[in-house]
Amino acid sequence: EAGVTQFPSHSVIEKGQTVTLRCDPISGHDNLYWYRRVMGKEIKFLLHFVKESKQDESGMPNNRFLAERTGGTYSTLKVQPAELEDSGVYFCASSQTSNEQFFGPGTRLTVL
Amino acid sequence: KNEVEQSPQNLTAQEGEFITINCSYSVGISALHWLQQHPGGGIVSLFMLSSGKKKHGRLIATINIQEKHSSLHITASHPRDSAVYICAVTSGTYKYIFGTGTRLKVLA
């Protein structure tokens, strides 16, 4: 069974540009989560999808971040326009129930 | 103050040593998770606990619900155990609340 995959693995962009991160969850997992770790800090929750619906987006930092999960399969997280403080590692996770989550390898975003 | 605190932040050990990493939390939880991240690697789940103790190979995880504390033990440590170990809890919702992680380096 394929695990959670994320694309790209690394992204380097300039301040003001747009970046879109993609997450493909484990097949059949209705729950999909986005998390972020900024330098030196703990990993923090961004949002949670159940199928295509946003269950909880309380961790989204501001309206420059837009997450979608059309069709309830893969998800995208767009940052527009990117700022320096958006740099970090973005993790996606999926789960079948409310219990154990399976994490992707992360996307390292660097905003210059 | 974070809802999940880990100690130590960094740990260097000699191969073969017994290692303990601690996690304290300040919220009511439905489960506590220990996770591992090797350098350049993804996050892997080691244990999910809601009570008592679990063992897998050389790894042992314990939790004391009354004291809001968990420990991860590694017996007979090996250089391949070098990684970041992360404690996380779920508390009423599905999202994980993470500690800052413990960076472990085991020297040969």
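This text goes with the structure placed above it.
Keep in mind the model is a prediction, meaning the values are calculated, not measured.

What counts, and at which threshold
Residues numbered from 1 in each chain as written. Chains lettered and ligands numbered in written order. Predicted model: local features only at pLDDT ≥ 70, side-chain atom pairs only at ≥ 80, totals over all residues. Heavy atoms only, no water. Pairing = 2+ DSSP bridges. Helix = DSSP H or I, 4+ residues; strand = E, 2+ residues; numbered from the N terminus. Axes fitted to C-alpha atoms, helices over the stretch in contact; angles between N-to-C directions. Disulfide = S-S within 2.5 Å. Buried < 20%, exposed > 50% of the residue type's maximum accessible area, 1.4 Å probe, protein only. Contact = heavy atoms within 4.5 Å. Buried area = accessible area lost by both parts, 1.4 Å probe. Salt bridge = Lys/Arg side-chain N within 4 Å of Asp/Glu carboxyl O. Polar contact = N/O pair within 3.5 Å; in protein donor to acceptor, adjacent residues only side chain to side chain. Nonpolar A, V, L, I, M, F, W, Y, C, P; charged D, E, K, R; others polar.

Residues and elements named next belong to chain B. Here we have five strands laid out as an open sheet, ordered 1-3-8-7-6, and antiparallel in their pairing. Strands with a single pairing partner mark the edges of an open sheet, and in this sheet they are strand 1 (4-7) and strand 6 (52-56). Sheet twist, expressed as the average angle between the axes of neighbouring strands with direction ignored, equals 15°. Alignment of strand 3 (residues 19-25) against strand 8 (residues 69-74), held across six bridges, turns out to be antiparallel. For C23, the partnering residue across the bridge sits in strand 8 and is S70.

Okay, the state of the cysteines next. Here, disulfide denotes a covalent bond that connects the sulfur atoms of two cysteines. Residue and element names in this part refer to chain A. Counted by the stated rule, this structure contains two disulfides over all chains. In this model, C23 is linked to C92 through a disulfide, with the two sulfur atoms separated by 1.8 Å. What sets the handedness of the C23 and C92 disulfide is the S-S torsion sign, and at about -60° it is left-handed. Here the residue C23 occupies a position in strand 3 (residues 19-24), and C92 occupies one in strand 9 (residues 88-95), the gap between them amounting to 69 residues. For C23, a relative accessible area of 0% translates into the label buried.

Contact residues are listed per partner, giving 15 residues for chain B and 18 residues for chain A. In total, chain B and chain A occlude about 1500 Å² of area from one another, counting both sides; carbon and sulfur atoms represent 62% of this. In this structure, the connection of chain B to chain A is made through zero salt bridges. Across the chain B-chain A interface, the total number found is five residue pairs in polar contact (both at pLDDT 80 or more). Grouping the constituent residues of the side of chain B that touches chain A by class yields seven nonpolar, seven polar and one charged.

What follows concerns the pattern of salt bridges. All names here are of chain A. Taken as a whole, this structure holds eight salt bridges over all chains when the rule is applied. Taking the shortest distance from any N to any O, the salt bridge between R64 and D86 comes out at 2.6 Å. Note that R64 is positioned in the loop between strand 6 (53-56) and strand 7 (65-68) and D86 in the loop between strand 8 (75-79) and strand 9, a separation of 22 residues in sequence. The residues R64 and D86 share a single accessibility class, namely buried. Within the structure, one salt-bridge network assembled from shared partners comprises R36, R64, E85 and D86.

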